[in-house]
Amino acid sequence: MQENDAVNRELEDALRNLSPKTAKVDPIAAAFAAGQRSTLRKLRVWHSAVAAMLLVNLGLWCWPSLHNGVPLVPALDTSRNRTIGVLSGPSPLMTSTSLSVPVMLPDSERPPLSDQSLAALERTVLERGVDALPVAHVPTQRPVNLDKL
Amino acid sequence: MGEHDRLAQLVMQRLAALTLFARQWLDAASAEDVVQETLTTLLMQRKSPDDPVAWMFRAVRNAAIDHCRTSANRRRREQSVAEARGEWFEPRIDVAIDARSAEQALKQLDPTDRQIIVLRIWGDLGLAAIARIMEMGTTTVHERYSAALEKLRTALEKPCRKTTP
């Protein structure tokens, strides 16, 4: 066994003395290529970052101009119905309810009367007095019983 | 930069062995290309590998196998490379073994055994490193190495054929 090992070692040494053919590999060119490629990689990262920033800037620039003066949702006609209060009841199914009822608009929000209407009113008051004016129909408010709800 | 210099120097000492290893699959020109490309890849690594020499041999092996797969059938190519008359070693008169005889004896070995011999003798790698590169157990590598050495010895000790005039 030892003899065999010695012979093998001798063969190993003899083989080691054989030198493989020299390779035409240029380490300077390899280092240059490595530097170039890693620079290209970094450059690509920067290009992507700049492109992303440009897109974000473009989006931010376009956003106000798109919505300037143009409503995002159609306007609701809220001149007639107004939320006047929120009711809370004892029922577990209905903890709060919003009631919408017709209300009298304040003077500032009412549409102005036409000249013809004003003239007709004036004429009626002059001829028949204030009593000739029609009776205003104010809706009567019924008391709301929370227990019935 | 100092780290790159150290890596380059380490690899430069083994360039011939690396090319010889790549030649187990490829012809001379392709083997040199593969080694050059692998060296570039090594220098591009942000963190240098723990064992750069073993890393290079493994990378060269993978690159050479990939190169074979892309071009032609691997086994057929290995066979043709083995049969090719490209000289693997520098012919020297002061060496006990003739370069051409050694090449012929190596070519008679199984490709895996030949790779183990190249890694151990000319790559100067330990059995554990060879086992990692070849993706085998250390014991298997040791057994195959001993058996391959035995075959080499038998092949090299064969008496020269007598040529008839």
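Moving on, we get to the overall build of chain A. When helices and strands are counted, chain A shows three helices and two strands. Burial status across chain A gives 9% buried among its 149 residues. Considering only residue pairs separated by 6 or more positions, chain A has 20% of its internal contacts joining residues 24 or more positions apart. On chain A, roughly 13200 Å² of surface is accessible, and the fraction owed to carbon and sulfur atoms is 62%.

This part is about the interface of chain B and chain A. Residue-level contacts link 35 residues of chain B with 27 residues of chain A. Buried surface at the junction of chain B and chain A, summed over both partners, amounts to about 3000 Å²; 63% is from carbon and sulfur atoms. At the boundary of chain B with chain A, the tally comes to one salt bridge. Of all the elements in the fold, those that place two or more residues in the side of chain B that touches chain A are α2 (15-22), α3 (28-44), α6 (99-107), α7 (111-121) and α9 (138-157) of chain B. Among the elements that take part in the side of chain B that touches chain A, α3(B) stands out by supplying eight residues, more than any other. Per-class residue counts for the side of chain B that touches chain A are 21 nonpolar, three polar and 11 charged.

An α-helix turns once per 3.6 residues; consequently, residues spaced three or four apart project the same way. Residues and elements named next belong to chain B. Every buried residue belonging to helix α1 (residues 2-12) is among L7, A8 and V11, and all of these are buried. Looking down the long axis of α1, one finds its buried residues gathered within 100° of arc, a one-sided arrangement. For α1, the exposed residues set more than 90 degrees away from the buried face come down to G2 and Q9.

Within the chain, D124(B) stands out as a residue other than glycine whose phi angle is a positive 55°. For E135(B), which is not a glycine, the phi torsion comes out positive at approximately 55°.

Here we come to the confidence of the model for chain B. Interpretation of the predicted coordinates at a detailed level should be avoided for regions scoring low in pLDDT. Here chain B averages 84 in pLDDT, and 85% of its residues register 70 or above. Among the prediction metrics, the complex's ipTM stands at 0.76, with pTM recorded as 0.59.

Summarising the element assignment, E12(A) is placed in helix α1 (residues 2-16). Comment: no salt bridge for buried E12(A); closest opposite-charge side chain is R120(B), at 4.6 Å. E12(A) has contacts with I121(B), Y145(B) and L149(B), leaving out every residue within four places of it along the chain.

Moving on, we come to a nonpolar patch on the surface. Residues and elements named next belong to chain A. On the surface, a nonpolar cluster with roughly 490 Å² of combined accessible area is contributed by L113, L118, L121, V125, V130 and L133. With respect to the helices and strands, the residue L118 is situated in helix α3 (residues 115-128). A residue is classified by how much of its surface remains accessible, and L118, at 42% relative accessible area, is partly exposed.

About the thresholds
Residues numbered from 1 in each chain as written. Chains lettered and ligands numbered in written order. Predicted model: local features only at pLDDT ≥ 70, side-chain atom pairs only at ≥ 80, totals over all residues. Heavy atoms only, no water. Helix = DSSP H or I, 4+ residues; strand = E, 2+ residues; numbered from the N terminus. Buried < 20%, exposed > 50% of the residue type's maximum accessible area, 1.4 Å probe, protein only. Contact = heavy atoms within 4.5 Å. Areas by Shrake-Rupley, 256 points an atom, 1.4 Å probe, with all protein chains shown as cover. Buried area = accessible area lost by both parts, 1.4 Å probe. Salt bridge = Lys/Arg side-chain N within 4 Å of Asp/Glu carboxyl O. Nonpolar A, V, L, I, M, F, W, Y, C, P; charged D, E, K, R; others polar. Arc of directions from axis to C-beta. pLDDT = per-residue confidence, 0-100. Lys, Arg positive; Asp, Glu negative; His and termini not counted. Patch = residues over 30% accessible without salt bridge, like charges linked within 9 Å, V, L, I, M, F, W, Y side chains within 5 Å.

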